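# Residue-level structure breakdown
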Amino acid sequence: MPKIWKQRSEDELPSSISSIAAELGVTELLAEILWHRGFQSRKEMDLFLSPGLRNLCRPVEIPGLEEAAAVLADGISQGKNFAIWGDYDVDGVTSTAVVKSFLKDRGFESSHHLPNRLEEGYGLNIDGLQKLRDSGVELLLTVDCGITNNAEISAANEMGLTVVVSDHHLPGESLPPAAAVCNPRLTEYSGKKFENCPCETLAGVGVAFMLMAQLNRLLPGEPVDMRVYLDFVALGTIADVVELQGQNRILVKNGLLLLKDARRPGLAALKVVSGYDMFAAIGAGQVGFGLAPRINASGRMGDPDKALELLMCEDMETARPIAKVLDTLNSERRAEEDRILAEALAQAEEQIKKHNRAGLVLFSPGWHPGIIGIVASRVVEKFYRPTVMLCEDEGIIKGSARSIKEFHIHEALTGMSELFLNFGGHKLAAGMSFNASHFKDFRERFDQSVIDAVGTEPLKSTIKVDKELPLENIDYVLLKELELMQPFGMGNPEPIFTTPPVEVMERRPIGKDHVKLTIADTEKTRKMPAKAWRMAEQLGSELIGATMRFAFSPKIDKFNGIPTIELTIKDYTRRLK
């Protein structure tokens, strides 16, 4: 769908912008971009460009963390058998890896449980808790889950387990009856109020890291250097698509340096099967599109323990074959994703054409529950409508939902919570399960909730652009400065510029879905290559010779080892007469 182009800020630049740029040692253009993104002082810009670990918040600023660390320290010091209950996605697997690695480095043993997505689903379950208790576990820490598992934790208490919850998802109306609950989303805990928590947007792995940092101070013996776990933190944080601002930016920026060094055999092997040089620097995009999907594939296709095993490997001989297994699983996942996507798009087009659905509810009993969330994101990308993808397992409907920025999907599901066996999530993504008898009611109520929130007219996606940038101003100096803004992601999007009117000189297809263009300014003094992913159909051969405008991000392409500047097209205008 064509997008609405919106200037990131219309505010007039201050006269001091040139002096701020000079003091920071950057160009005025970079200072201008940062100013329009809300960094409106030299100090704010400096902190953004140099996010040092000294600027991390104190762990005890996170609600419940002090109490959680105290319970864990007491139990571990008493010699209680300790286990971690994680989640099957990258955030949950890396959270588990942080805790297990930290405890091992401090000389303590731990076991773990990562639920099988297909058999157990998300979060805690009573059968799994009973198995842990039967194996002798006395102290249990949840990571990246547990905040809404009130009934399961109550049952765990009856079994004699001491449970500590560490999570970052939105809490329910009441907290689970755990010995301690640690969650940056809480506004009050144990009689203390927490306002404007600087760590509110941490991923589950970030919360686990902070909890271990506090535990590091409390356990007997020599503390360890917590910085060594930041590669896990960066991997899990990027994969969970949380805001890469503030505390997350500090953690990820520093963690990416460790991912470059690849001192862990598992991460080194993962980089290689993802197509990267073992010791090459990688950005958030390469983590999100290369490393993370292979870790995720393990949990999505059934068994997340294989991914954790890779992360914990101590030598390359063990790591290489596991990494190849994950790569194969990821290829299988991609093939299944393509199949489901084709069916989902056909359903979506029919619902829009016949019923003009504002909210799309797509269903097939045989769709893979570990893949429907990825596909839901692709459907939203194409139609810009909140989308729920559903499959069926023994009479129970299971679903993953993805939304648009104008529609808070967790709030919408909360308004119909009586339909669900369980549900959870946040503003842009959620999951749920319900009895098949509620399917029709859910579809109608979901559609109506979208209409109530955004109206019946379909919305258009908005693309925020930083400024217009002539082709002649795109050079290696600009690209080097934009790298200072890395890592890019949610909350810190890659800068997007717009061209003035340019002429399309050449067009060449890349596969069946993508296209490479050569564009030139109107005087034909500067030509540049530009790639448009998944736009081959829209940008056909008939546009050669047309004058158009493009929204783009500039990149350095290192194909064949020769660095060249090219543009990645994000959107385009129709031909200009």
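Structural data are supplied above this passage.
Each value, and the rule that gives it
Residues numbered from 1 in each chain as written. Predicted model: local features only at pLDDT ≥ 70, side-chain atom pairs only at ≥ 80, totals over all residues. Heavy atoms only, no water. Axes fitted to C-alpha atoms, helices over the stretch in contact; angles between N-to-C directions. Helix = DSSP H or I, 4+ residues; strand = E, 2+ residues; numbered from the N terminus. Parallel < 35°, antiparallel > 145°, perpendicular 65-115°, else oblique. Left-handed = near helix turned anticlockwise from the far one by under 90°. Contact = heavy atoms within 4.5 Å. Salt bridge = Lys/Arg side-chain N within 4 Å of Asp/Glu carboxyl O. Buried < 20%, exposed > 50% of the residue type's maximum accessible area, 1.4 Å probe, protein only. Disulfide = S-S within 2.5 Å. Pairing = 2+ DSSP bridges.

## Here's the deal with the packing of helix H5 (residues 90-105) against helix H9 (residues 230-239)
Running from N to C, H5 and H9 point in directions that differ by 160 degrees, and their axes come no closer than 8 Å. The orientation of H5 with respect to H9, classified from their angle, is roughly antiparallel. By crossing handedness, the relation of H5 to H9 is classed as left-handed. Judged by residue contacts, Val90, Asp91, Thr94, Ala97, Val98 and Ser101 of H5 engage Phe232, Val233, Leu235, Gly236 and Ala239 from H9.

## As for the pattern of salt bridges
A side chain of one charge can pair with a side chain of the opposite charge when the charged atoms of the two come close. Per the counting criterion, the structure on display carries 31 salt bridges. Residue glutamate 336 pairs with arginine 339 through a salt bridge whose shortest N-O separation is 2.8 Å. Taken together, the positions of glutamate 336 and arginine 339, both in helix H14 (residues 316-355) and three residues apart, correspond to about one turn of that helix. A residue is classified by how much of its surface remains accessible, and arginine 339, at 35% relative accessible area, is partly exposed. Measuring nitrogen to oxygen at the nearest pair gives 4.0 Å for the salt bridge that ties arginine 443 to glutamate 444. We classify arginine 443 as partly exposed; its relative accessible area is 23%. Relative accessible area serves as the criterion here: at 35%, glutamate 444 is assigned to the partly exposed category. Among the charged side chains, a salt-bridge network with shared partners connects Arg357, Arg443, Glu444 and Asp447.

## A look at the state of the cysteines
Following the criterion strictly, the structure yields one disulfide and no others. One disulfide bridge connects cysteine 57 with cysteine 199, the sulfur atoms lying 2.3 Å from each other. Disulfide cysteine 57-cysteine 199: the torsion about the S-S bond is -80 degrees, which places it as left-handed. Of the two residues, cysteine 57 is situated in the loop between helix H3 (42-49) and helix H4 (65-77) and cysteine 199 in the loop between strand S8 (192-193) and helix H8 (204-218); the sequence distance between them amounts to 142 residues.

## With respect to the sheet that holds strand S5 (residues 162-166)
The sheet built from five strands is open, its strands ordered S3-S2-S4-S5-S6 with parallel pairing. Only two strands of the sheet have a single neighbouring strand rather than two, namely strand S3 (111-113) and strand S6 (180-182). In this sheet, adjacent strand axes meet at a mean angle of 20 degrees when their direction is disregarded. Where strand S2 (residues 82-85) lies against strand S4 (residues 139-143), four bridges are found, and the strand directions are parallel. Bridge pairing in S4 places tryptophan 85 opposite threonine 142. Where helix H6 (residues 126-134) meets the sheet, its contacts fall on S2, S3 and S4, and the angle it forms with S2 comes to roughly 160 degrees.

## Here we look at unusual backbone geometry
Across the junction of glutamine 486 and proline 487, the peptide omega takes the value 0 degrees, indicating a cis bond. In this fold, proline 487 is placed in the loop between helix H18 (476-483) and strand S16 (497-498). Positive phi outside glycine occurs at valine 241, with the angle close to 50 degrees. Following the sequence through the fold, valine 241 ends up in the loop between H9 and helix H10 (246-261).

## Some details on the sheet that holds strand S10 (residues 387-393)
In any sheet, the strands associate via hydrogen bonds between backbone groups, in a parallel or an antiparallel arrangement. Strand order in the open sheet formed by five strands is S9-S10-S11-S13-S12, with mixed pairing between adjacent strands. Across the chains shown, the open sheet's two edge strands, defined by having one partner strand only, are strand S9 (360-363) and strand S12 (422-425). In this sheet, neighbouring strand axes are inclined to one another by 15 degrees on average, regardless of whether the strands run parallel or antiparallel. Here S12 pairs with strand S13 (residues 429-435) via four bridges, running antiparallel.

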